[in-house]
Amino acid sequence: MSDDPLPPSSPTPAPGRPTVRTAAVIPAAGRGVRLGPGAPKALRALGGTPMLVHAVRAMADSRAVSLVVVVAPPDGAGEVTSLLDAHALPERTDVLVVPGGESRKESVKLGLDALPEGYDIVLVHDAARPLVPVDTVDAVIEAVRDGAPAVVPALPLADTVKQVEPAAAPGEPEPVVATPDRSTLRAVQTPQGFDRATLVRAHGTVTDDVTDDAGMVELLGLTVVTVPGHEEAFKVTRPLDLVLAEAVLARRRLNDGF
Ligand SMILES: Nc1ccn([C@@H]2O[C@H](COP(=O)(O)OP(=O)(O)OP(=O)(O)O)[C@@H](O)[C@H]2O)c(=O)n1
Ligand SMILES: C[C@](O)(CO)[C@H](O)COP(=O)(O)O
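Per chain, residue numbering runs from 1 following the sequence as it is written. Just so you know, chain letters begin at A and ligand numbers begin at 1, following the order they were written in. Since the coordinates come from a predicted model, pLDDT governs what is reported: local features require at least 70, and pairs of side-chain atoms require 80 or more to be given and counted, while whole-chain, interface and lining totals use all residues.

## Here we look at unusual backbone geometry
- Residue threonine 190 is joined to proline 191 through a cis peptide bond whose omega torsion reads 10°.
- Each helix corresponds to a stretch of at least 4 residues labelled H or I by DSSP, and each strand to a stretch of at least 2 residues labelled E; elements are numbered beginning at the N terminus. Here proline 191 lies in the loop between β10 (186–188) and β11 (192–195).

## Notes on the UniProt feature "site: Positions MEP for the nucleophilic attack" (unreviewed entry) in the protein
- UniProt positions are given in the numbering used here, feature names are shortened, and annotations may be inferred rather than shown by experiment. The UniProt record marks Arg182 and Lys235 with the feature "site: Positions MEP for the nucleophilic attack" (unreviewed entry), using the residue numbering of this structure.
- Summarising the element assignment, arginine 182 is placed in the loop between β9 (176–178) and β10.
- Residue burial here comes from a neighbour count, namely the number of other C-beta atoms, placed from the backbone, that lie within 10 Å of the residue's own C-beta, with 20 or more meaning buried, 12 or fewer meaning exposed, and in between meaning partly exposed. Residue classification places arginine 182 among the partly exposed positions, given that 13 C-beta atoms sit within 10 Å.
- Any two residues are considered in contact once their C-beta atoms, placed from the backbone, lie within 7 Å. Excluding residues within four positions of it along the chain, arginine 182 makes contact with Leu157, Thr160 and Val161.
- Positionally, lysine 235 belongs in the loop between β12 (224–228) and α7 (239–256).
- Given 16 C-beta atoms within a 10 Å radius, lysine 235 is considered partly exposed.
- In this structure lysine 235 touches Asp126, Ala128 and Arg129, once residues within four positions along its chain are discounted.

## A short note on helix α3 (residues 104–113)
- Burial of α3 is extensive: 8 of the 10 residues sit out of reach of the surface.
- The secondary structure elements touched by the buried residues of α3 are β1 (22–27), β4 (65–72), β5 (94–99), β6 (121–124), α5 (196–205) and α6 (213–219).

## With respect to the site of ligand 2
- For each residue, a C-beta atom is placed from the backbone, and the residue counts as near a molecule or strand when that atom lies within 6 Å of it. Taken together, Arg104, Asp126, Val188, Gln189, Thr190, Thr211, Asp212 and Lys235 make up the full set of residues near ligand 2.
- A per-class count over the shell around ligand 2 returns 1 nonpolar, 3 polar and 4 charged. Each residue is assigned to one of three groups, with Ala, Val, Leu, Ile, Met, Phe, Trp, Tyr, Cys and Pro labelled nonpolar, Asp, Glu, Lys and Arg labelled charged, and all others, Gly among them, labelled polar.

## Remarks on the confidence of the model for the protein
- Values of pLDDT, which run from 0 to 100, indicate the predictor's confidence residue by residue. Per-residue confidence for the protein gives a mean pLDDT of 93, with 93% of residues at or over 70.
- Residue range residues 1–11 is modelled with pLDDT below 50. Its contacts to residues more than four positions away, or to other chains, number 21 contacts.
- Overall fold confidence (pTM) sits at 0.94, and the ipTM for the predicted complex is 0.98.

## Examining the UniProt feature "site: Transition state stabilizer" (unreviewed entry) in the protein
- Here, the residues flagged by UniProt with the feature "site: Transition state stabilizer" (unreviewed entry) are Arg34 and Lys41.
- Within the fold, arginine 34 resides in the loop between β1 and β2 (45–46).
- If we ignore the near neighbours within four places in the chain, the residues touching arginine 34 are Thr237 and Arg238.
- Within the secondary structure layout, lysine 41 lies in the loop between β1 and β2.
- The class for lysine 41 is buried, based on 25 C-beta atoms found within 10 Å.
- Contact partners of lysine 41, with chain neighbours within four places excluded, come to Gly30, Arg31, Gly32, Leu35, Met51 and Ala128.

Shown next as structure tokens:
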């Protein structure tokens, strides 16, 4: 067993609420091409611990989450199971590992297919967002409990955004065609939270290429709502993100006194 510490626990759910069980599906089957050569992204170390372990702990850190389904690289389910066995996780959280697919969408569907009965709320959380704080996780769950079929953590944009005509060839200029009103745009993160039946329906019917699960629910004609995102829930995508993630983790360890 690794001796790295468990994260702090979130508060227990409010008294008087009906028990609604929540599971988290963590797509972790990506290669991490934009991060550069190396192991699959989810298995790379952050503060000496695989990024995936941080992501699983971030979900298990919420007392509402009692099952985490990890979607491993297609040929890596055995390795991921051993890796998770070697790291401390809260005993109240069950973990299932299933092999993933060629795209994120396919991997999420495989995770959903493996979900046992008895879970009414499903979170979908990128392994590549290892540092999401528990308050953000709990806020997403709370909004689904309050009746929203789909919930996304969202942040305002810091940059002005341009819509362009994609370059005709690599290196060619990209003419700007529009400047959308930034005040109505949001960058969305994970975990995204869903009423299970809605997410299953979305994955069973939507065939469009989408980059997130909430987008599929939008295509069903349902309303997706936002809760405040968190800057530490950023996605580790490029090498500089790893530098930032290490710094955030070091600051947390300093603040927590270990
Ligand atoms: N076939 C895939 C592709 C992606 N993912 C997961 O989806 C999340 C978000 O994807 P992204 O950050 O784009 O990861 P990669 O696909 O690994 O990155 P890249 O595009 O740079 O290869 C990650 O946790 C990744 O492991 C997955 O489970 N299955
Ligand atoms: C799901 C997501 O993290 C929301 O921002 C994002 O869309 C994943 O995109 P990626 O390019 O597949 O990492």
